[in-house]
Amino acid sequence: MTGASLPQPSSARRAELASHLAAVHARIDRARRAAGREDPLALVVVTKFFPASDIDLLVGLGVTDIGENRDQEAAAKMAEVTRRDLFTVHFIGQLQSNKASSVAHYADVVQSVDRPKLVRALDRAATASGRVLDVTVQVALDAAEGRGGVAVPEVPALADLVAGSASLRLRGVMAVAPLGADPRPAFARLRGVSDGIRADHPAATWISAGMSGDLEAAVAEGATHLRVGSAILGSRESHR
Ligand SMILES: *Cc1c(COP(=O)(O)O)cnc(C)c1O
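- The protein carries the name Pyridoxal phosphate homeostasis protein in an unreviewed UniProt entry, which gives Fodinibacter luteus as its organism.
- The heading Function (unreviewed entry) in the UniProt record of the protein holds the text "Pyridoxal 5'-phosphate (PLP)-binding protein, which is involved in PLP homeostasis."
- Per UniProt, the comment on the protein under Sequence similarities (unreviewed entry) is "Belongs to the pyridoxal phosphate-binding protein YggS/PROSC family."

Here you go:
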């Protein structure tokens, strides 16, 4: 990366995003072959800190799933993109209940649901705006750390609460690998949690795991959704 430089012409940025995207797809394909997987796998491109114009370019390159983690930024960008009808928006960040009604307006999926109060706020907000939101329960894979997520033993009750909500659809589980530890055993634990909730909720098949640095481990452990930012958009450092 060249750091904070002059804005690139969009043709140059488009070529850069296309090449990064191709490299990530090649990594995913390799990991899928290694795992002997042929089932569907969704790539959610995480565009936080990058402008709406990048989302437009990505959508032009065939990207169908966009991830954002901050309400204010996401709300502004979704109002600005050219073709909001062409992609699904996944909210993946820690979310305060008082932002639920904002998020319910522009997000299709909320992946980071980790407490009952947030479930109730999202359900009320979705109902009020006449929408149905897809939800994954965010699971804490490392109790020692504040990266969000509900502790493993509390997952089933939270999943039941989502499944019983009028305007929320329980889709599965999501997690971020613990910092500084091998992601593979953590993703294996997540897969076990997923198996557990699917016993009661057979349609909750999504396992959202894996980012730029650990997507191979996530594919190996059965992830159905990857959330990849910097490997496609570039370093966020110059955009903070
Ligand atoms: C930013 C973010 C990602 C993407 O991370 P990269 O390392 O840039 O790929 C994935 N998941 C969550 C929850 C994030 O906040």
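A short note on the overall build of the protein
(1) Moving on: Summing up its helical and strand segments, the protein has nine helices and eight strands in all.
(2) Moving on: Here the protein has a C-alpha radius of gyration of 17 Å; the compact-globule value for 240 residues is 18 Å, and the two agree.
(3) Moving on: Overall size of the protein, expressed as C-alpha extent along the three principal axes, is 50 × 45 × 35 Å.
(4) Moving on: A burial count over the protein gives 50% of its 240 residues as buried.
(5) Moving on: The long-range share in the protein, meaning contacts at least 24 apart out of those at least 6 apart in sequence, stands at 61%.
(6) Moving on: Treating the 28 positive side-chain charges of the protein as one cloud and the 27 negative ones as another, the clouds have centres 1 Å apart.

Concerning the packing of helix H1 (residues 10-35) against helix H2 (residues 52-60)
Packed helix pairs are characterised by how far apart their axes lie and by the angle those axes make with each other.
(1) Moving on: Taken N-terminus to C-terminus, the directions of H1 and H2 make an angle of 55 degrees; their axes are 10 Å apart at the nearest point. When the axes of H1 and H2 are compared, the pair comes out oblique. Of the two possible hands of crossing, H1 and H2 adopt the one that is right-handed. Where H1 abuts H2, its residues Ser10, Arg13, Arg14 and Leu17 lie against Asp54, Leu57, Leu58 and Gly60.
(2) Moving on: Among the residues making up the contact of H1 with H2, the classes are represented as three nonpolar, two polar and three charged.

Details of the UniProt feature "modified residue: N6-(pyridoxal phosphate)lysine" (unreviewed entry) in the protein
(1) Moving on: Taking the numbering used here, the UniProt-annotated feature "modified residue: N6-(pyridoxal phosphate)lysine" (unreviewed entry) corresponds to Lys48.
(2) Moving on: By relative accessible area, Lys48 is classed as buried at 16%.
(3) Moving on: Excluding residues within four positions of it along the chain, Lys48 makes contact with Gly67, Glu68, Asn69, Glu73, Lys77 and Arg236.

Structural notes on the site of the ligand
(1) Moving on: Contacts to the ligand come from Val46, Lys48, Asn69, Ile92, Met211, Ser212, Arg227, Val228, Gly229, Ser230 and Arg236.
(2) Moving on: Note that an oxygen atom of the ligand is positioned 2.5 Å from one of the side-chain N or O atoms of Ser212.
(3) Moving on: Contact distances for the ligand include 2.8 Å between an oxygen atom and a backbone N or O atom of Ser230.
(4) Moving on: For the ligand, the protein covers 88% of the area, taking 390 Å² as the surface of the free molecule.
(5) Moving on: The class makeup of the residues in the shell around the ligand is four nonpolar, four polar and three charged.

Thoughts on the environment of Ala12
(1) Moving on: Tracing the backbone shows Ala12 in helix H1.
(2) Moving on: When the C-alpha positions of Ala12 and Ala26 are compared, they lie 21 Å apart, and in sequence the two are 14 residues distant.

Section: the packing of helix H5 (residues 116-128) against helix H6 (residues 155-163)
(1) Moving on: Contact pair H5 / H6: the axes reach a minimum separation of 10 Å and the direction vectors enclose 10 degrees. Accordingly, the angle class assigned to the pair H5 and H6 is roughly parallel. Contacts between H5 and H6 pair Pro116, Val119 and Arg120 from the former with Leu158, Leu161 and Val162 from the latter.
(2) Moving on: When the residues that make up the contact of H5 with H6 are grouped by side-chain class, the tally is five nonpolar, no polar and one charged.

Comments concerning the pairing of strand S2 (residues 65-68)
(1) Moving on: Where burial is concerned, the two faces of S2 agree: the one with Asp65 and Gly67 and the one with Ile66 and Glu68 are both buried.
(2) Moving on: Relative to S2, strand S1 (residues 42-46) runs parallel, the two being bridged by two bridges. Bridge pairing links Val45 to Ile66 in S2.
(3) Moving on: Between S1 and its parallel partner S2, the chain crosses via H2, and the hand of that crossover is right-handed.
(4) Moving on: Pairing analysis gives four bridges linking S2 to strand S3 (residues 88-91), with the strands arranged parallel. Residue pairing in the sheet places Asp65 in a bridge with Thr88 of S3.
(5) Moving on: The β-α-β motif built from S2, the intervening helix H3 (residues 71-80) and the parallel element S3 has right-handed crossover chirality.

What to know about the nonpolar core
(1) Moving on: If you look at the biggest cluster of nonpolar residues, it comprises 68 residues, and the most contacted ones within it are Leu43, Val45, Leu122, Leu226 and Ile232.
(2) Moving on: The dominant element in this core, judged by the number of residues it contributes, is H5, at six residues.

Definitions and limits used
- Residues numbered from 1 in each chain as written.
- Predicted model: local features only at pLDDT ≥ 70, side-chain atom pairs only at ≥ 80, totals over all residues.
- Heavy atoms only, no water.
- UniProt positions renumbered as here; feature names shortened; annotations may be inferred.
- Helix = DSSP H or I, 4+ residues; strand = E, 2+ residues; numbered from the N terminus.
- Rg over C-alpha atoms; globule rule 2.2 N^0.38 Å.
- Buried < 20%, exposed > 50% of the residue type's maximum accessible area, 1.4 Å probe, protein only.
- Contact = heavy atoms within 4.5 Å.
- Lys, Arg positive; Asp, Glu negative; His and termini not counted.
- Charge placed at Lys NZ, Arg CZ, Asp CG, Glu CD.
- Axes fitted to C-alpha atoms, helices over the stretch in contact; angles between N-to-C directions.
- Parallel < 35°, antiparallel > 145°, perpendicular 65-115°, else oblique.
- Left-handed = near helix turned anticlockwise from the far one by under 90°.
- Nonpolar A, V, L, I, M, F, W, Y, C, P; charged D, E, K, R; others polar.
- Near = heavy atom within 4 Å.
- Polar contact = N/O pair within 3.5 Å; in protein donor to acceptor, adjacent residues only side chain to side chain.
- Areas by Shrake-Rupley, 256 points an atom, 1.4 Å probe, with all protein chains shown as cover.
- Pairing = 2+ DSSP bridges.
- Right-handed = clockwise from strand over helix to strand, strands pointing away.
- Core = buried A, V, L, I, M, F, W, Y, C linked by side-chain atoms within 4.5 Å.

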